[in-house]
Amino acid sequence: MTYSAREEWERHFSDGRGFRKVGERERELLAEHTPAPDGGGRALDVGCGTGELAAYLAFLGYAVDAVDFAGSALVRARTEHADVEDVRWLLLDIERDDLAPLHGKEYDLVVMRLMYPFLANRGRVLHALGERLRDGGALVVITPGAETTPEERRGIALDEDEIALVGAGWEAVERLDADGLAFLVLRGPCHTGSRAVEMRPATSHALTGALAVVTDDAGRVLLGRSHRGMLELPGGRTRGPEGFAVAAVRELAEETTLVADPADAHVVTMLVDDSHGIPRLTAVVRITAWSGTLTKPKEGHFDRWEFVDLHALSCAGDVFVPAAQALDAVWPGVIPDLPPVISYPLAVDPPAVPGEPAEAVRMRQAMAQTVIDGGWAPSESVRDALRSVPRHRFAPEVNLTTAYDGGDRAVITRRDETGTTISSVSAAWLQADMIESLRLRPGAMVFEAGSGGYNAELIAHVAGPGGRVVTVDIDPWVVRRTRAFTTEAGSGRVTVVESDASLGAPAHLVPRGGFDGSVITYNCWDIAPAWREQLAEGGRLVLPLEMGGYTRAIEFERRGEVLHARHFTYCGFVRDQGQQARAVPVVPLLDGGLTLRFDDGAATGTEDLEEALHGPRHEVATGVTMGPKTYFGSLQLYAATTLPTFCRLQAHQDTGVTAITKDRDAPAILGTASLAYLTHAQTRHGERPEDKEWEWVVHAFGEQGPQLAEQFAATVRAWDRHIRADDNSEHADPVLTVHPAATPDHLLPAGDVLDKEHSRLVFRWPGRDGHLSAPAPRGDTECVS
């Protein structure tokens, strides 16, 4: 039985035929090596057929998901095992269907009996099933071996090389014999880290070749497992005067039998490196269309070909160096720690290449609905963008579940040498909120500072066919990645520029009259003049602005030279890397156990604080209390923008001096050799969250400590009277205007002024100057729990 089509299997089972019965030795090995955990476990039977094995697993104490893609098999299974409890019979193609009916990382045992040889994409399926195992779980493959299988039935068996590949990348592999069947028990992580490896030294004076990058309708990339034990792309050396695109198409046909037209083969990059000292020139050829059925020719050096998920490339084991570098050229970042290569991207862009698995569509709709239900996407244009733009294609190094997390999770795509995040795909709700704040109309021209591709494509979708997005980033790697992804999966309406985004867009890309909207996607200590100058009158600038060390995404409207705040959202982003990047002044205290941070202003007035901290600690209770899940971010911002000498006191050790928990910080103010800071203490305990309560308390050191403490306590009480609301979403925001740095005091409106290098921020809080509050934020999430 070497069937490949579902229809053949449907006829097979409807005609009353079956498979080899589950032998006594198989039962013994399953009971001995994969017993159900105490209290029961969960098992997955892949390719269950008529259900004999699933029934036995239920007998062992497992709750079983029994899967087959032939409906006729499941009809018989339900009938023949009607008395068996704890089995779910699922009609599912494990290779092609959305696997939503399966459980996540909840299986103690996955069994693939007599069906593994029938898989076209064995490594991908094995990896995907392995990721559904609980820690300590096992995946069992039971299969005939070619040596004990008649020649006419070799299509249902594996030879020794293929059996060895089953366990590639698993931490522990145990091979047993079950009456002539290979019984493989795989445990531990189902993958190893990727490693770029070379072949044996070449004898040529130079090497030239072409590699074909081909994806299926689910966006997976075609890779072959060679006799050398590594993954490779289709391709090889050019012949005579043959062009690189033609060579890639020829090699694809010779090695896989897939057929492509050279017109659909696009040379995207030329790679230059060496192999054992021999110069090597490799053309990366992106093939956008092909036909045929993937097969392994009889002659060749590949054991098998299959389409591989992009996120699995980071744990694929050995990959041939040029293949790894070619994959990185198309999807930068999917394989980490590659050897250096010189890349020459070509000026001609290939067309977009479609393709995504069914799960991506479902997960994207679910993510969009989560954002919509949270109130972050009230407009239909933003909702449609969330439902349409394939987020996972801009984060190919992570699985679909991570890419389409609808909560607070950002996808980290780049870290610096210290491990600090320097590039990411932000949480979907925050992207939606910031795009809503741009208030875009069809045909809008938009500037984005900080690239990645996904956010720019969301904006392009909202702006529509007549719109355009100019996205700028200072990191060449991020720019290369963004260009690659917007080419592969984009609208064609995003222009990617490598530059310091604080300088704005290049002059020739700035529309006459300015951009309709600008969005900054990294934390900004200041507002660059170019962002205001390149913005149209009445246009919106949305950016995460740091004020006293606290960040809010603020929607500004330009009116002449002044920016007027219209909306605040609590948030956090990666830090600026350009000219506006600012190192925060810090002053260590008590041998580094404490640190004073001066997020705005210079580190002054810290003399003799060490001595004060060795003195008595003064305490003032504010009388202001709060329960669980109370938002207090508005108190932090209120204190930071209204109290002189504001700074933050961080605890790096449990010194026993300040009552600040290790690795936390507290808002603080300074006097002469004196310090006051704000904490909260639990005043009411209880079993239920609603029975608990905390009170804000001010602590102080130094001679001026009592006066500073009273000043801080008065600020907390004013916040409680004028800013705080019972509903966390109704806290009052300040009326905020931003003026050029050269604006003299007498031309500023009344209010509290926070000066930065390029701008002067004026805050008018309720209760301080009589002004009404601005609209309430929709993203307040900082709470006491």
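Keep in mind that what you see is a predicted model, and the values were worked out from it rather than measured.

Caption draft 1: Structural context of the overall build of the protein chain. A tally of helices and strands in the protein chain yields 18 helices and 38 strands. In terms of principal-axis extent, the alpha carbons of the protein chain reach across some 95 × 70 × 50 Å. Here the protein chain, with 785 residues, has 56% of them falling under the buried criterion. Across the protein chain, contacts joining residues at least 24 apart in sequence account for 64% of those joining residues at least 6 apart. For the protein chain, the accessible surface area stands at approximately 32800 Å², while carbon and sulfur atoms represent 50% of it. Both charge centroids of the protein chain, one from 77 positive and one from 114 negative side chains, sit 3 Å from each other.

Caption draft 2: Representation of a nonpolar patch on the surface. Together, Val272, Ile342 and Tyr344 line one region of the surface with nonpolar side chains, adding up to about 270 Å² of accessible area. Inspection of the secondary structure assignment puts Tyr344 in strand E17 (residues 342–345). Among the residues examined, Tyr344 registers a relative accessible area of 49% and is labelled partly exposed.

Caption draft 3: Structural context of the layout of surface pockets. Space inside the second largest pocket adds up to approximately 1200 Å³. Around the second largest pocket, the lining comprises 48 residues; the ones closest to its centre are Asp328, Ala329, Val330, Arg480 and Ala484. Those elements giving two or more residues to the lining of the second largest pocket turn out to be strand E13 (265–275), helix H8 (321–330), E17, strand E18 (411–415), helix H14 (476–489) and strand E22 (494–498). If one sorts the elements of the lining of the second largest pocket by residue count, H14 sits on top with nine residues. Broken down by class, the residue content of the lining of the second largest pocket amounts to 25 nonpolar, eleven polar and twelve charged.

Caption draft 4: Structural view of the sheet that holds strand E31 (residues 646–651). One open sheet holds the seven strands; their spatial order is E27-E28-E31-E32-E33-E34-E29, and the pairing between them is antiparallel. With partners counted over all chains shown, the strands left at the sheet margins are strand E27 (586–589) and strand E29 (618–626), one partner each. Each adjacent strand pair in this sheet contributes to an overall mean axis angle of 30 degrees, direction not counted. Bridge count for E31 against strand E32 (residues 665–671) is five bridges, and the pairing is antiparallel. In the sheet register, Gln650 faces E32, and the bridge partner there is Asp665. Along the sheet, helix H18 (residues 705–722) contacts E29, E32, strand E33 (674–684) and strand E34 (693–701); its crossing angle with E29, the most-contacted strand, is approximately 5 degrees.

Caption draft 5: The arrangement of the packing of helix H9 (residues 358–373) against helix H10 (residues 380–388) in detail. Contact geometry for H9 and H10: axes closest at 8 Å, N-to-C directions at 150 degrees. Here H9 lies roughly antiparallel to H10, going by the angle between them. Like other packed secondary-structure pairs, H9 and H10 cross with a definite hand, here right-handed. Here Arg364, Gln365, Met367, Ala368, Val371 and Ile372 of H9 come into contact with H10, specifically with Arg383, Leu386, Arg387 and Ser388.

Caption draft 6: Region of the structure containing the sheet that holds strand E12 (residues 235–237). Within the open sheet, the five strands sit side by side as E12-E9-E14-E13-E17. Their pairing is mixed. A single partner strand is all that each edge strand has here, and the edge strands are E12 and E17. The average angle at which neighbouring strand axes cross in this sheet is 20 degrees, direction not considered. The sheet contact formed by E13 and strand E14 (residues 278–287) spans ten bridges and is antiparallel. Across the sheet, the residue bridging to Val272 is Leu281, located in E14.

Caption draft 7: The arrangement of unusual backbone geometry in detail. Positive phi, normally seen in glycine, also occurs at Asp86, with a value near 65 degrees. With respect to the helices and strands, Asp86 occurs in the loop between helix H4 (71–80) and strand E3 (87–91). Residue classification places Asp86 among the exposed residues on the basis of a relative accessible area of 55%. Residue Ala673 is not a glycine yet carries a positive backbone phi of 50 degrees. Inspection of the secondary structure puts Ala673 in the loop between E32 and E33.

Caption draft 8: The packing of aromatic side chains, seen in detail. Evaluation of the coordinates by the stated rule reveals 16 aromatic pairs. Each ring, one from Phe447 and one from Phe515, has its centre 5.8 Å from the other, and the planes form 40 degrees; the classification is tilted. You can see Phe447 sitting in strand E20 (residues 445–449) and its partner Phe515 sitting in strand E23 (residues 515–520), a full 68 residues away along the chain. The exposure class of Phe447 is buried, given its relative accessible area of 1%. By relative accessible area, which is 0% here, Phe515 ends up buried. Arranged with centres 6.4 Å apart and planes meeting at 15 degrees, the rings of Tyr677 and Phe701 form a pair that is stacked. In this pair, Tyr677 sits in strand E33 while Phe701 sits in strand E34, placing the two residues 24 residues apart along the sequence. Tyr677 gets classed as buried once you look at its relative accessible area, which sits at 0%. One aromatic cluster is present, built from ring pairs that chain together Trp9, Phe13, Phe19 and Phe118. Lying across the ring of Tyr56, Arg27 places its NZ or CZ 4.9 Å from the centre. The residue whose ring lies beneath Arg648 is Tyr550, and the NZ or CZ to ring-centre distance is 5.3 Å.

Caption draft 9: Just empty space enclosed by the protein, in detail. Evaluation of the coordinates by the stated rule reveals four cavities of 30 Å³ or more. Lining the largest cavity are 30 residues, and of these Gly450, Ser451, Asp473, Thr521 and Val574 sit closest to its centre. Among the elements of the structure, strand E19 (421–425), helix H12 (428–438), helix H13 (454–463) and strand E21 (468–473) are those that each provide at least two residues to the lining of the largest cavity. For the lining of the largest cavity, the leading source of residues is E19, giving four residues. Here the residues of the lining of the largest cavity are counted per class, giving twelve nonpolar, twelve polar and six charged.

Caption draft 10: Representation of the pattern of salt bridges in the model. Enumeration according to the criterion identifies 49 salt bridges in this entry. Of the charged contacts in the structure, one is a salt bridge between Glu242 and Arg250, with a shortest N-O distance of 2.8 Å. The same class applies to Glu242 and to Arg250, which are both buried. We note a salt bridge from Arg532 to Glu561, for which the minimum N-O separation is 3.4 Å. You can see Arg532 sitting in helix H15 (residues 529–533) and its partner Glu561 sitting in the loop between strand E25 (550–559) and strand E26 (562–570), a full 29 residues away along the chain. Note on Arg532: relative accessible area 10%, which makes it buried. Glu561 gets classed as partly exposed once you look at its relative accessible area, which sits at 41%. The network of salt bridges with shared partners includes Arg439, Arg540, Glu555, Glu557, Arg559 and Arg566.

Caption draft 11: Region of the structure containing H4. Turning to H4, its buried residues number three or more, namely Ser72, Ala73, Leu74, Arg76 and Ala77. Summarising the contacts, the buried residues of H4 are in contact with helix H1 (6–14), strand E2 (62–68) and E3.

Caption draft 12: Focus on the packing of H1 against H4. Across the interface, H1 lies against H4 with an axial gap of 7 Å and an inter-helix angle of 30 degrees. The pairing of H1 with H4 is recorded here as roughly parallel in orientation. Where H1 approaches H4, its residues Trp9, Glu10, Phe13 and Ser14 are matched on the opposing element by Gly71, Ser72, Ala73 and Arg76. Classifying every residue of the contact of H1 with H4 gives three nonpolar, three polar and two charged.

Caption draft 13: Representation of the environment of Ala714 in the model. Tracing the sequence through the fold places Ala714 in helix H18. Remark: the alpha-carbon pair of Ala714 and Thr622, spanning 92 residues in sequence, is separated by 7.7 Å.

Rules behind the numbers
Residues numbered from 1 in each chain as written. Predicted model: local features only at pLDDT ≥ 70, side-chain atom pairs only at ≥ 80, totals over all residues. Heavy atoms only, no water. Helix = DSSP H or I, 4+ residues; strand = E, 2+ residues; numbered from the N terminus. Buried < 20%, exposed > 50% of the residue type's maximum accessible area, 1.4 Å probe, protein only. Contact = heavy atoms within 4.5 Å. Areas by Shrake-Rupley, 256 points an atom, 1.4 Å probe, with all protein chains shown as cover. Lys, Arg positive; Asp, Glu negative; His and termini not counted. Charge placed at Lys NZ, Arg CZ, Asp CG, Glu CD. Patch = residues over 30% accessible without salt bridge, like charges linked within 9 Å, V, L, I, M, F, W, Y side chains within 5 Å. Salt bridge = Lys/Arg side-chain N within 4 Å of Asp/Glu carboxyl O. 1 Å grid on protein atoms, 1.4 Å probe; cavity = no way out; pocket = protein on both sides within 12 Å on 5 of 7 lines; lining within 4 Å. Points joined across faces, edges and corners; volume = space filled by probe spheres on them. Nonpolar A, V, L, I, M, F, W, Y, C, P; charged D, E, K, R; others polar. Pairing = 2+ DSSP bridges. Axes fitted to C-alpha atoms, helices over the stretch in contact; angles between N-to-C directions. Parallel < 35°, antiparallel > 145°, perpendicular 65-115°, else oblique. Left-handed = near helix turned anticlockwise from the far one by under 90°. Phe/Tyr/Trp six-rings, centres within 6.5 Å; stacked < 30°, edge-to-face > 60°. Lys NZ or Arg CZ within 6 Å of the ring centre and 35° of its normal.

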